[in-house]
Amino acid sequence: VQLVESGGGLVQPGGSLRLSCTASGFTFSNYDMRWYRQAPGTERELVAAITRAGGITNYADSVKGRFTISRDNAKNTVYLQMNSLKPEDTAVYYCRASFPGRLYWGQGTQVTVSS
C-alpha cells in the first residue's frame, strides 16, 4: 500500500499549486480521500475531503473558495488545486485514504508560500 504526494514547492503569495496523491496497493475507488496539512508547532488539520465517487466534497473554512479537491479513479489519484495562496497556507500537506477499519497516509509534500 502506498500513497505518494507530489506537486509541492515554493510559491509567491497569490500564486497557485496543484498537489497530486497517487495510490497503489489497494482499490482506490472504494476509499474516501482527504487532504490534511500540518505547519510547524501545530496539529494536523483537515483541509478538504471527497467521497469515493467524488460526489460530495467538504472544505475547511480557511480554504473555501480557494482550494478544490477532485479525484480521478481511473488514475488512482486525488488532487488539490490551491489558488490565491497565502503565507498561512505554508505547511506539509498529506493525503489520507479511509475505508471502514483502514486508514492509509502519504509521506507528505511541503508547500511554502513566501515572497
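I will try to describe carefully the structure that is included in this document. The residue numbers shown here count from 1 along each chain, following its written sequence. It should be noted that, the model being predicted, local features are given only for residues of pLDDT at least 70 and side-chain atom pairs only at 80 or more, the latter also being counted only at that level, while totals for whole chains, interfaces and linings use all residues. Side-chain calculation: all heavy atoms of the structure are included, whereas hydrogens and water are not.

1. Comments concerning the environment of V11
The condition is simple: A run of DSSP states H or I qualifies as a helix once it reaches four residues; a run of E qualifies as a strand once it reaches two. Both are numbered from the N-terminal end. Contact criterion: two residues are considered in contact whenever any of their non-hydrogen atoms come within 4.5 Å of each other.
With respect to the element layout, V11 can be found in strand β2 (residues 9-11). When the C-alpha positions of V11 and T112 are compared, they lie 6.3 Å apart, and in sequence the two are 101 residues distant. With sequence-adjacent residues up to four places away left out, V11 is seen in contact with S16, L17, L85, T112, V113 and S114.

2. Overview of the environment of V1
Rules: The rule is simple: take the accessible area with a 1.4 Å probe, protein chains only, and divide by the maximum for that residue type; under 20% is buried, over 50% is exposed, in between is partly exposed.
Its location among the elements puts V1 in the segment before β1 (2-6). In this structure V1 comes out as exposed when scored by relative accessible area, which is 58%. Along the primary structure V1 and A23 are separated by 22 residues, whereas in three dimensions their C-alpha atoms are 7.6 Å apart. Discounting chain neighbours no more than four positions away, the residues touching V1 are S24, G25, F26 and Y104.

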